[in-house]
Amino acid sequence: MTARETASAAEGPGVVNGPEDGTLDWHAVDWGAAERTVRRLRQPIFTASHAGDLKRVRNLQKLMLRSRANTLLSVRRVTERNAGRKTAGVDGEVVLRPEDKAELVAWVQRLAEPWTARPVKRVYIPKKGTAGKRRPLGVPVIVDRVLQARVVNALEPEWEARFEPRSYGFRPGRGCHDAIEAIFRVAGGANPKRRWVLDADLAAAFDRIDHSHLLGQLGTFPARELIAGWLKAGVIEDGWFTPTEEGTPQGGVASPLLLNVALHGMEQAAGVRYQQTGMDARDAVAGSPVLIRYADDLVALCHSRDEAEQVKARLVGWLAPRGLAFNEDKMAIVTLDDGFDFLGFTVRRQAGKLLIRPSKAAVRRIRERLRTEVRALRGANAPAVLRRLTPVVRGWSAYYRTVVSSEVFSALDSYMWKLTYKWARHAHPNKSRRWVRHRYFGEFNSPVLRGPGPGNTPGLPGDGAVAG
């Protein structure tokens, strides 16, 4: 089947791909059909890339870039699903109304080419785990965001067929838990061979990617010049324009994929070798290190300290032409018995077992967030408290429920009870402890939280037990 025949089979009738000369009713779009169409266009790109048929890959990518279903999903992604959908770029424009979204689809589909990329707007957000530090983000204009989403659907399946087995960050169908499971599979068991760990991350990876090397990796990709325009578009901060000679703006839709493209080949550079045939295909060869990467964070599991030092030296030389380097302050070579932190987990061997727990830093952050949220809710009613706290508690517990977390969960249960009890006491300063318990907690009050104060009612914390 030719590339054009593949596209014809994928492009179904109706509002997904036509007619393009009519007015689009945003609420009438069949999103299921649009997603199936894009999926059917992505699959042959992946297959052709895996087979090494570059000519077919490029033809299919051109069809994906022209697909109306791709444009529909791209507009929907950046105007409805992305967290920054209400944040404007340098043009001050956001697209929130259905009729504006339909107009944007028509404009991008028919009139967007040729397009000159606009500079990104520099904004700052708090950096996790570092008090007082902020992370710079680059916010593209809405049209650039849509075009980047379209490009991702064309470029991603090609590289998904080529990416290395133990790369997990910013990839469809993969996540943090997959990376942790990979560590457990390599370092678990009674007598693991790889007991030394190179724990490292890259310094300002998004901001330092070498443009020429990245564009060289893209080869003859049809939208290569459009990507080059985004890389060179520049930054506007406080009204001042600064050209960008390196890096890709952290905050762009395509930036995570471009980072993965730039870092492709890291496992090979570290000396990782895989079985090519048999039942153990894609397992690491005996004597080879294992490198597990999530975006710009990585761990290399090695047989000895010398091997870990060699992996480090190889990667330093491999990263230099890409404009990248390790963050020396966060890099360490340790044993599994010493343990290391990765993606919010602490990995350590104890008593002959590999135990993975929530890291102390992660526990400290969730306690701080819960405390800040509850203090901000003073004066609010109970439903408002539940609406604010429930997603936080559920999300954190879901992230850590697959590892050794029972003691941490128990401690956080106690801490959460104390916070909410103090909130209730603040809301009703003239009511007794017993009244507050029956009003807000009832049968869920835990007797283990009884405070040390004299004369306390069973099940009620004394003043000294209430966390501030």
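Please refer to the structure higher up on the page.
Once a new chain begins, its residue numbering starts again from 1 and follows that chain's sequence as written. With pLDDT at 70 or above as the cut-off, local features in this predicted model cover only qualifying residues; side-chain atom pairs require 80 or more to be listed or tallied, and sums for whole chains, interfaces and linings still use all residues. As a rule here, side-chain values come from all non-hydrogen atoms in the structure, and water together with hydrogens is ignored.

**Focus on the pattern of salt bridges**
Phase 1: Each reported salt bridge corresponds to a side-chain nitrogen of Lys or Arg within 4 Å of a carboxyl oxygen of Asp or Glu. Under the counting rule described, the total for this entry stands at 15 salt bridges.
Phase 2: Between arginine 185 and glutamate 181 there is a salt bridge whose closest N-O contact spans 3.0 Å. Taken together, the positions of arginine 185 and glutamate 181, both in helix H7 (residues 176–187) and four residues apart, correspond to about one turn of that helix.
Phase 3: With a shortest N-O distance of 2.9 Å, arginine 388 and glutamate 373 are connected by a salt bridge. Placement of arginine 388 in helix H15 (residues 382–400) and of glutamate 373 in helix H14 (residues 360–376) is noted, with a sequence separation of 15 residues between them.
Phase 4: Accessibility expressed as a relative area gives 38% for arginine 388, which makes it partly exposed. Only DSSP runs of H or I reaching four residues or more are called helices, and only runs of E reaching two or more are called strands; each is numbered from the N terminus. Type-normalised accessible area, obtained with a 1.4 Å probe on protein chains alone, sets the label of each residue: buried when under 20%, exposed when over 50%, and partly exposed for intermediate values.

**Looking at the sheet that holds strand S4 (residues 235–237)**
Phase 1: Only strands that DSSP links by at least two bridges are regarded as paired with each other. Judged by pairing direction, the sheet is mixed, and its four strands sit side by side in the order S2-S1-S4-S5 without closing on themselves. Only two strands of the sheet have a single partner each, and these edge strands are strand S2 (134–139) and strand S5 (240–242). Strand-to-strand twist in this sheet, taken as the mean axis angle between neighbours without regard to direction, amounts to 40°.
Phase 2: Judged from the six bridges that link them, strand S1 (residues 120–126) and S2 form a sheet pairing that is antiparallel. What sits directly across from isoleucine 125, in S2, is arginine 135. Under this scheme, a helix contributes an axis fitted over its contacting stretch, all axes are lines through C-alpha atoms, and angles between N-to-C directions fall in the 0 to 180 degree range.

**Brief notes about H15**
Phase 1: Taking 1.5 Å of rise per residue, the 19 residues of H15 would be expected to cover 27 Å, and the 26 Å separating its terminal C-alpha atoms lies within 8% of that figure.
Phase 2: Residues Ala384, Val385, Leu389, Val392, Trp396 and Tyr400 constitute the buried set of H15.
Phase 3: Contacts were defined at the residue level, with two residues in contact if any of their heavy atoms lie within 4.5 Å. The secondary structure elements touched by the buried residues of H15 are strand S10 (345–350), strand S11 (353–358), H14 and helix H16 (406–427).
Phase 4: Counted as a polar contact is a pair of N or O atoms within 3.5 Å, where, for protein atoms, one must be capable of donating a hydrogen and the other of accepting one, and residues adjacent in sequence contribute only when both atoms are in side chains. The opening residue of H15, the one whose side-chain oxygen lies 3.0 Å from the backbone nitrogen of alanine 384, is asparagine 381. Residue count minus one, scaled by 1.5 Å, sets the expected span of a helix.

**Considerations on the packing of aromatic side chains**
Phase 1: Between 30 and 60 degrees the pair is tilted, below 30 it is stacked and above 60 it is edge-to-face, where a pair is any two Phe, Tyr or Trp rings, Trp via its six-membered ring, whose centres lie within 6.5 Å. One pass over the structure, following the stated rule, counts 14 aromatic pairs.
Phase 2: Considering the side-chain rings of tryptophan 417 and tyrosine 421, the 5.2 Å spacing of their centres and the 10° angle between planes classify their relative orientation as stacked. Here tyrosine 421 and tryptophan 417 lie together in helix H16, a separation of four residues that amounts to about one turn. We note that tryptophan 417, like tyrosine 421, is buried.
Phase 3: Among the aromatic residues, those joined into a ring-pair cluster are Phe345, Trp396, Tyr399, Tyr400 and Phe409.
Phase 4: A cation over an aromatic ring shows up here: arginine 367 above the ring of tyrosine 415, its NZ or CZ 3.9 Å from the ring centre.
Phase 5: Between arginine 439 and the ring centre of tyrosine 440, over which it is positioned, the NZ or CZ distance is 5.0 Å. By definition, being over a ring means that NZ of Lys or CZ of Arg is both within 6 Å of the ring centre and within 35 degrees of the ring normal.

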